[in-house]
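Structure assessment
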Amino acid sequence: MRDVKAGSSEYITLVSNDGFEFKIQRSSACISGMIKRMLDPNGGFSESTTNVCKFSEINGIVLEKVCEYFYYNEKHKDSRDVPDMDFPPELCLELLMAADFLDT
């Protein structure tokens, strides 16, 4: 098990606007600039102590794909010629909006 800062957890929970919860590794979630700032103990956000990030703007289907992307990105961060991740065409616009919102 890796070392984590006091008051933080190796896993965090992301909650969608329709109540779906995704428990993912903190290191993967912090690919998002917004989530990283939310979890920063010096930022003053409650998420840094609760380890729960709620997103009233993102539904469960989109947040699930975002979580998949976080793990995909972390898995391939040092790789070359990484194959594109498959996204359903009907989710592309919502995923782009979520990526912009999350600073990913």
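The present account deals with the structure reproduced in this document. As the structure is a computational prediction, the values presented were derived from the model and not from experiment.

Next up on the list: the pattern of salt bridges. Per the counting criterion, the structure on display carries 2 salt bridges. The salt bridge involving Asp 103 is made with Arg 37; its shortest N-O contact spans 3.4 Å. Here Asp 103, found in the segment after α5 (92-102), pairs with Arg 37, found in helix α2 (residues 33-39); they are 66 residues apart in sequence, far enough to count as distant. Its relative accessible area of 47% is what places Arg 37 among the partly exposed residues. With its nearest N and O atoms 3.2 Å apart, the salt bridge here joins Glu 68 to Lys 65. Of this pair, Glu 68 and Lys 65 both sit in helix α4 (residues 60-75), 3 residues apart, which is roughly one turn of that helix.

Turning our eyes to something else, we now look at the side chain of Ser 32. Structurally, Ser 32 is set in the loop between α1 (26-29) and α2. Residue Ser 32 is classed as buried on the basis of its relative accessible area, which comes to 0%. Of note is the side chain of Ser 32, whose polar atom sits 2.5 Å from the backbone oxygen of Leu 102. For Ser 32, the residues in contact, after removing those within four places along its chain, are Phe 70, Leu 102, Asp 103 and Thr 104.

The next thing to look at is unusual backbone geometry. Positive phi outside glycine occurs at Asp 81, with the angle close to 50 degrees. Secondary-structure assignment places Asp 81 in the loop between α4 and α5. The exposure class assigned to Asp 81 is exposed, which follows from its relative accessible area of 78%. Positioned with a positive phi, Asp 103 is a non-glycine residue whose angle comes to about 55 degrees. Assessed through its relative accessible area of 43%, Asp 103 is described here as partly exposed.

So, how was this worked out
- Residues numbered from 1 in each chain as written.
- Predicted model: local features only at pLDDT ≥ 70, side-chain atom pairs only at ≥ 80, totals over all residues.
- Heavy atoms only, no water.
- Salt bridge = Lys/Arg side-chain N within 4 Å of Asp/Glu carboxyl O.
- Helix = DSSP H or I, 4+ residues; strand = E, 2+ residues; numbered from the N terminus.
- Buried < 20%, exposed > 50% of the residue type's maximum accessible area, 1.4 Å probe, protein only.
- Polar contact = N/O pair within 3.5 Å; in protein donor to acceptor, adjacent residues only side chain to side chain.
- Contact = heavy atoms within 4.5 Å.

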